Amino acid sequence: MKLIETKDYKEMSEKAAEIIIAQVKKKPNSVLGLATGETVLGTYAALVYDHRQHRTSYQYIQTVNLDEYIGLGPNHPNSYRYYMNEHLFSHIDIPLSQTHIPNGLAADVEEECKRYEELIEKLGGIDLQVLGIGRNGHIGFNEPGTPFDSITHIVELAESTREANSRFYSSLEEVPTHAITMGITTIMKSKQIILLASGEKKAHILSQLFEREVTLNIPASILKTHPNVVVIADKEALSLVSKDQRKVYV
Ligand code: GLP
């Protein structure tokens, strides 16, 4: 794991966008693994800006998103399909047919998980996966305790995750209880991974991530065993990580 420390959210977003753009240029038919949430919004805005300014093309890119809520369709403003169209896909030149997100309305959800895992394999695997981190260390929706050998599966969301995401709903009751998520093995098979973290809300989990051994209690800790991971985090998010700890990862 390598660490890039940035002064703030803007610089973190620009660094992440730089890595994604370099990948797209190097391999114009890359498979990009994408995340949702607040952290990656600035990165997507930077990609859209770059596309407008420099015409970086996504015409041959395929995208696979990490996760989707069960029960929310593409027109629901809190579905991740809606989020991706709104914040990225409708502003760049990627054909929507090349953007893949688990179907939260699938009649047979188990079957949908199988289909999604096979789809990623058929596409040739993920070249570059973008990750955020949950306050409890989740990646995608792989909550603490998720086996490291998991593939795309159904999850019951942790109460803390539902609470954290309830800011987008009018009440906690409205937040879905289940989701489909890529598994930890699915994520770990990616050739390169970038994990983004910003703000003091993420300071505690980042200190845990850097200080503790690989443990099921912190799903993101498995990333330490991946050969090509870059953590891009701003000063606030790193405020509880000691200087000595940081040095290990530079
Ligand atoms: C969410 C998403 C993750 C995201 C993480 C952090 O629940 N399922 O993909 O990376 O939690 O979210 P945020 O960036 O809003 O803090």
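Residues numbered from 1 in each chain as written. Predicted model: local features only at pLDDT ≥ 70, side-chain atom pairs only at ≥ 80, totals over all residues. Heavy atoms only, no water.

Draft legend 1. Spatial organisation of the side chain of aspartate 67. Checked against the element boundaries, aspartate 67 lands in strand S4 (residues 67-69). A polar side-chain atom of aspartate 67 sits 3.4 Å from the main-chain amide nitrogen of phenylalanine 141. Leaving out residues up to four positions away in the same chain, aspartate 67 has contacts with Thr36, Tyr80, Ile101, Pro102, Gly140, Phe141, Ile180 and Thr181. (Helix = DSSP H or I, 4+ residues; strand = E, 2+ residues; numbered from the N terminus. Polar contact = N/O pair within 3.5 Å; in protein donor to acceptor, adjacent residues only side chain to side chain. Contact = heavy atoms within 4.5 Å.)

Draft legend 2. View of the nonpolar core. Leu88, Leu206, Phe210 and Leu223 are the most contacted members of the largest nonpolar core, which totals 65 residues. The element that contributes the greatest number of residues to this core is helix H1 (residues 9-26), accounting for 7 residues. Of all hydrophobic cores here, the second largest spans 9 residues; its members include Tyr80, Phe141, Val155 and Ala179. (Core = buried A, V, L, I, M, F, W, Y, C linked by side-chain atoms within 4.5 Å. Buried < 20%, exposed > 50% of the residue type's maximum accessible area, 1.4 Å probe, protein only.)

Draft legend 3. Here's a closer look at the environment of phenylalanine 89. The residue phenylalanine 89 is located in the loop between helix H3 (80-87) and strand S5 (99-100) in this model. A relative accessible area of 3% places phenylalanine 89 in the buried class. When the C-alpha positions of phenylalanine 89 and tyrosine 44 are compared, they lie 9.4 Å apart, and in sequence the two are 45 residues distant. Not counting residues up to four positions away in its chain, the partners in contact with phenylalanine 89 are Leu34, Thr63, Asn65, Arg81, Met84, Ile94, Leu96, Thr99 and Ile101.

Draft legend 4. Geometry of the site of the ligand. Surrounding the ligand, one finds 15 residues, the nearest of these being Glu38, Thr39, Asp67, His138 and Lys202. Separating an oxygen atom of the ligand from a backbone N or O atom of glutamate 38 is a distance of 2.8 Å. Between the ligand and asparagine 165 there is a distance of 3.1 Å, counted from an oxygen atom to a side-chain nitrogen or oxygen. Considered on its own, the ligand offers 400 Å² of accessible surface; in the complex 94% of this is hidden by protein. Looking at the shell around the ligand residue by residue, the classes come out as 4 nonpolar, 7 polar and 4 charged. (Near = heavy atom within 4 Å. Areas by Shrake-Rupley, 256 points an atom, 1.4 Å probe, with all protein chains shown as cover. Nonpolar A, V, L, I, M, F, W, Y, C, P; charged D, E, K, R; others polar.)

Draft legend 5. Seen up close, the packing of helix H2 (residues 41-54) against H3. Interaxial distance between H2 and H3 falls to 10 Å at its minimum, and their mutual angle equals 40°. Considered as vectors, H2 and H3 are oriented oblique to each other. In this structure, H2 uses Leu41, Tyr44 and Val48 to contact H3, whose residues at the interface are Tyr83, Met84 and His87. Of the residues that constitute the contact of H2 with H3, the class distribution is 5 nonpolar, 1 polar and no charged. (Axes fitted to C-alpha atoms, helices over the stretch in contact; angles between N-to-C directions. Parallel < 35°, antiparallel > 145°, perpendicular 65-115°, else oblique.)

Keep in mind that these numbers describe shape and distance, not what the molecule does.
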